[in-house]
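# Coordinate inspection notes
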Amino acid sequence: MRIAYYLRNYAEMSKLNIQSWMEYRIDFLIGVFAIFLTNTVTTAFFWVLFQHIPTLNGWTFHQLLLMYGFCALGFGIWHTFLTGCSAWEMDRLVRQGELDRVLLRPINTLALLVMRRIDDDGLGDITAGILLLGYASMKLGIAWSFQNLFATFAFAMGSAFVLFSVNVAMAAVAFWVTSVRSLMDVFWSLSRFTEYPLNIYNTAVVWVLTFILPFGFISFDPSQFFFGNAQWLPYAYATPFVGRSCSGSVTSSGGTA
Amino acid sequence: MRLGPYAAVVSNCFKTQLEYRLDFLTGAVNPLLNVTVMWFVWSAIFASSPTPTLGGYTFSAMITYTCISVIIRSYCWLNTEYNVENEVKSGSVASILIKPLSYPLYNFARDAGSTLMWLLAKLPLVVLAFVFLGISLPASPLFFLSAFLGYLINYSLVFLTAMWAFWTTGNVWGLRLSRQMIMEVVSGAIMPLTLFPLWMQGIFNVLPFQAVFYLPLSIYLGTVSGAAVYGALAVQLGWLGLLFAITYLVWGATMKRVVVQGG
């Protein structure tokens with residue numbers, strides 16, 4: 001693969017993307033703020049509940065915030081950098097025939113779709129994620145060592161690629177049905193499962209969220225690395241690899257379709 | 001005023017929505033997923049709680065609250081803001097404005113059609129919630145009137161948000177999402193307001209949002225009962241009157257400065 005060629009194109013397209021944010025400055029600010037606000041709903045929910053209960057299934061308020069922080073960061077990275085091939089984009093591209101233009105370019109189609117779009121709104125999620133992780137780790141006494149920062153980065157990338165893979169699979173349905181936008185709603189509903197610790201669900205749900213739709217790797221499993229729970233540690237270490245293998249299987253099946 | 005054209009718009013939009021089978025299917029699956037998550041979450045919360053009730057609600061009352069909230073939430077996700085934004089941006093709003101129709105009422109009718117469809121999609125949830133989760137029936141039939149008033153109050157807020165498109169010709173979705181997220185928390189949509197600290201309840205009680213969710217839900221569960229039900233309905237009517245007046249004034253001011261690009 002001609003990495004330099006891809007990087008040069010990516011840099012060029014990113015520059016145009018960022019320039020277009022500045023063109024619509026108020027939309028940019030309101031969009032980032034709105035996405036930031038979406039994270040306060042669950043945070044507020046936890047805060048209010050912990051006025052009444054000491055722990056939730058053994059987890060403290062700050063531990064839940066750390067889990068939710070991973071959720072927000074993973075979603076933020078995915079939303080910002082990987083939604084060029086999301087179900088809602090694909091829906092539009094296929095219906096308006098714009099995909100034909102993309103297919104003609106001398107470059108990998110999936111890579112081009114991803115590269116052409118950096119969504120500024122995701123910055124709201126990234127900001128919320130970093131604030132939550134920073135605050136929670138401070139309260140939990142987790143050191144900001146190189147090892148921990150590297151692990152956080154690797155976990156967040158893993159989560160982002162899990163989301164990417166599930167979403168590309170949904171986007172692919174756009175070739176068979178006229179509108180896949182409503183599938184996005186299912187995606188958002190399913191993602192709600194990741195906002196809460198996995199051990200509140202029954203075995204069947206946990207099994208599905210680990211092996212079929214690996215959303216458990218987005219928030220719950222990575223945070224176990226920092227809590228040092230031996231029981232869940234193997235899953236934590238698996239996060240970046242799950243993300244990698246999911247996206248690998250989606251991209252290769254996309255190539256043969 | 002002739003209502004005939006608006007009734008036709010309602011029925012057409014209802015039929016248009018039915019055309020998209022996949023949308024209908026996901027519209028039925030989504031609420032089931034939402035209730036599933038919340039059932040597990042509330043189970044864990046009540047198991048962790050030192051007291052059997054939270055904010056005055058038992059576990060089964062909380063599940064009833066959650067299910068009814070998910071069902072009436074279909075009136076929260078309306079298309080008016082997107083329709084207005086698209087029509088202002090493309091300029092097609094001009095061809096609607098010259099028709100002998102009231103633009104606010106026309107938009108209301110469009111969304112009423114799709115809301116009916118979304119309510120229909122909630123039927124599986126209604127059946128499953130009564131059969132498997134054993135949720136209770138409404139404590140007073142006035143709940144239906146209260147929910148309808150909630151819908152109208154919510155619609156006024158939606159229409160006011162949509163006016164942003166006329167004033168900035170920009171995107172409405174950011175403002176729409178912000179309003180929805182604030183509403184989720186302060187209207188009592190995700191949890192009863194009695195769980196909040198007292199000083200926050202004091203603030204929420206003077207906002208219009210609780211009249212959209214919390215008052216109808218309280219009437220459903222019977223936490224507001226007897227003569228207090230009429231008090232709650234009066235509060236809703238008051239908000240509706242006030243928001244209606246504001247919408248009327250804002251719409252008048254908007255029409256004075258409407259700019260149509262292209263078309």
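Quick notes on the rules
Here, residues in each chain are numbered from 1, in the same order as that chain's written sequence. Chains carry letters from A onward and ligands carry numbers from 1 onward, assigned in written order. Local features are withheld for residues below a pLDDT of 70 in this predicted model, meaning they are given only at 70 or higher, and side-chain atom pairs are given and counted only at 80 or more; totals for whole chains, interfaces and linings count all residues. Secondary structure elements are taken from DSSP: a helix is a run of H or I of four residues or more, a strand is a run of E of two residues or more, and numbering for both begins at the N terminus. For the exposure call, what matters is how many other C-beta atoms sit within 10 Å of a residue's own: 20 or more marks it buried, 12 or fewer exposed, and in between partly exposed, using C-beta atoms placed from the backbone. With C-alpha atoms as the basis for the radius of gyration, the globule rule is written as 2.2 Å multiplied by the number of residues raised to the power 0.38. A pair of residues counts as a contact when their C-beta atoms, built from backbone coordinates, are separated by no more than 7 Å. In this count, Pro and Cys sit with the nonpolar residues alongside Ala, Val, Leu, Ile, Met, Phe, Trp and Tyr, while Asp, Glu, Lys and Arg are called charged and the others, Gly among them, polar. Lines fitted to C-alpha atoms define the axes, with helix axes restricted to the stretch in contact, and inter-axis angles between N-to-C directions lie between 0 and 180 degrees. Should an angle fall under 35 degrees it is called roughly parallel, over 145 degrees roughly antiparallel, and 65 to 115 degrees roughly perpendicular, with every other angle called oblique. By convention the crossing between two helices is left-handed if the near helix lies anticlockwise of the far one by an angle smaller than a right angle, and right-handed if it lies clockwise. Given a helix with a known number of residues, its expected span is that number minus one, times 1.5 Å. As a per-residue measure, pLDDT reflects the predictor's confidence and takes values from 0 up to 100.

## Some points on the overall build of chain A
Across its full length, chain A carries twelve helices and zero strands. Mapped in sequence order, the helices and strands of chain A form the string α-α-α-α-α-α-α-α-α-α-α-α. A burial count over chain A gives 41% of its 257 residues as buried.

## Quick word on the overall build of chain B
Across its full length, chain B carries twelve helices and zero strands. Its helices and strands in sequence order give chain B the pattern α-α-α-α-α-α-α-α-α-α-α-α, from N to C terminus. For a compact globule of 263 residues, the expected C-alpha radius of gyration is about 18 Å, and chain B comes in at 20 Å, within 12% of that figure. Buried positions account for 43% of the 263 residues belonging to chain B. Within chain B, contacts between residues at least 6 apart in sequence are counted, and of these 80% link residues at least 24 apart.

## Focus on the interface of chain A and chain B
One frequent convention defines the size of an interface as the accessible area lost when the parts assemble. Counting residues at the interface gives 34 residues for chain A and 32 residues for chain B. Taken together, the elements giving at least two residues each to the side of chain A that touches chain B come down to α2 (25-49) and α9 (181-191) of chain A. Ranked by the residues each element gives to the side of chain A that touches chain B, the list is headed by α2 of chain A, at 14 residues. Here the residues of the side of chain A that touches chain B are counted per class, giving 21 nonpolar, ten polar and three charged.

## Quick look at the packing of helix α3 (residues 59-72) of chain B against helix α11 (residues 214-221) of chain B
Residues and elements named next belong to chain B. Where α3 contacts α11, the axes come no closer than 10 Å and their chain directions differ by 135°. With respect to α11, the element α3 is oriented oblique. The way α3 lies across α11 gives a crossing that is right-handed. Facing α3, whose interface residues are A61, T64, Y65, I68, S69 and I72, α11 presents P216, L217, Y220 and L221. When the residues that make up the contact of α3 with α11 are grouped by side-chain class, the tally is eight nonpolar, two polar and no charged.

## Focus on helix α12 (residues 227-256) of chain B
Residues and elements named next belong to chain B. An ideal rise of 1.5 Å per residue puts 44 Å on 30 residues; α12 measures up with 44 Å between its terminal C-alpha atoms. All of the buried residues along α12 are V229, A232, Q236, W239 and L243. Its buried side turned inward, α12 meets α8 (142-168) and α11.

## Here's the deal with the packing of α2 of chain A against helix α7 (residues 122-140) of chain A
Residues and elements named next belong to chain A. Interhelical geometry of α2 versus α7 gives an angle of 45° and a closest axis separation of 7 Å. As summarised for this structure, α2 and α7 are arranged oblique, according to the angle between their axes. Of the two possible hands of crossing, α2 and α7 adopt the one that is right-handed. Contacts between α2 and α7 involve V32, F33, A34, I35, F36 and N39 from the first element and G122, L123, G124, D125, T127 and A128 from the second. For the contact of α2 with α7, the residue count by class is seven nonpolar, four polar and one charged.

## Quick notes on the environment of W167 of chain B
Residues and elements named next belong to chain B. Secondary-structure assignment places W167 in helix α8. On the neighbour-count criterion, W167 (14 C-beta atoms within 10 Å) is partly exposed. In this structure the C-alpha to C-alpha distance between W167 and T254, which are 87 residues apart in sequence, comes to 7.3 Å.

## Details of the confidence of the model for chain B
Residue and element names in this part refer to chain B. Residue-level pLDDT values for chain B average 88, and 97% of them are 70 or greater. Within chain B, the element-level pLDDT minimum falls on helix α1 (residues 4-19), averaging 81, and the maximum on α11, averaging 95. Overall fold confidence (pTM) sits at 0.88, and the ipTM for the predicted complex is 0.88.

## Some details on unusual backbone geometry
Glycine aside, the phi torsion of most residues is negative, and most peptide linkages are trans. Residues and elements named next belong to chain A. Positive phi is not limited to glycine here, since N57 has a value of about 50°. Among the structural elements, N57 can be located in the loop between α2 and α3 (61-81). Looking at N57, the number of C-beta atoms within 10 Å reads 18, which means it is partly exposed.

## Considering the confidence of the model for chain A
On average, chain A scores 84 in pLDDT, and the residues at 70 or more come to 90%. The weakest mean pLDDT in chain A belongs to helix α12 (residues 233-256) of chain A at 63; the strongest belongs to α7 of chain A at 94.

## Quick word on the environment of T60 of chain A
Assignment of secondary structure puts T60 of chain A in the loop between α2 and α3. T60 of chain A sits 80 residues away from L140 of chain A along the chain, and the two C-alpha atoms are 9.7 Å apart.

## Here's the deal with the environment of L123 of chain A
Position of L123 of chain A among the secondary structure elements: in helix α7. If near-sequence neighbours (up to four positions away) are discounted, L123 of chain A is found in contact with V32 and T80 of chain A.

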